[in-house]
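A closer look at the structure
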Amino acid sequence: MMNVFCLVGQIKEMPQLRSIPSGEKVCNVLLEVERPYANADGVYELDTFQIEVWRGLAETLCSTMKTGSWITVKGRISSRAYHKDDKVYYNSVFVAEHIGFIHTA
């Protein structure tokens, strides 16, 4: 079995570096990725993905990239569960393992 995603896109908002209680650095970056086909109006729509970036990779990303920068991201999708109102909800998180810095805006 394999759990891998690979995206190429532009940073939509400036990522903010933060520390969790253990001291590890983390940031979330919004990445806009163009779809590979045009819609009925001939427009290539964009999908936006929230990518979770950890430790040194997060520090490098936040110190070198900005809104509009182009990056490649390869990573894994993590499934997380949480409880609310006696129900279990699941969400998926895109966790970066490798980032390629293509162009700084």
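For the structure itself, consult the block above.
About the cut-offs
- Residues numbered from 1 in each chain as written.
- Predicted model: local features only at pLDDT ≥ 70, side-chain atom pairs only at ≥ 80, totals over all residues.
- Heavy atoms only, no water.
- Buried < 20%, exposed > 50% of the residue type's maximum accessible area, 1.4 Å probe, protein only.
- Helix = DSSP H or I, 4+ residues; strand = E, 2+ residues; numbered from the N terminus.
- Arc of directions from axis to C-beta.
- Contact = heavy atoms within 4.5 Å.

**Digging into helix α1 (residues 55–64)**
Among all positions of α1, only Ala 58, Leu 61 and Cys 62 are buried. For α1, the arc enclosing every buried residue in end-on projection is 90°, short of the 170-degree limit, so these residues lie on one face. Those residues of α1 hidden inside the fold are in contact with β1 (5–11), β3 (25–34), β4 (46–54), β5 (70–84) and β6 (87–103).

**Side note on unusual backbone geometry**
Across residues other than glycine, the phi torsion is negative in most instances, and most of the peptide bonds are trans. The residue Arg 55 is not glycine, and still its phi comes out positive at about 55°. Note that Arg 55 resides in helix α1. Of note, Asp 86 is a non-glycine position whose phi angle comes to about 60°, a positive value. Considering the arrangement of structural elements, one finds Asp 86 in the loop between β5 and β6.

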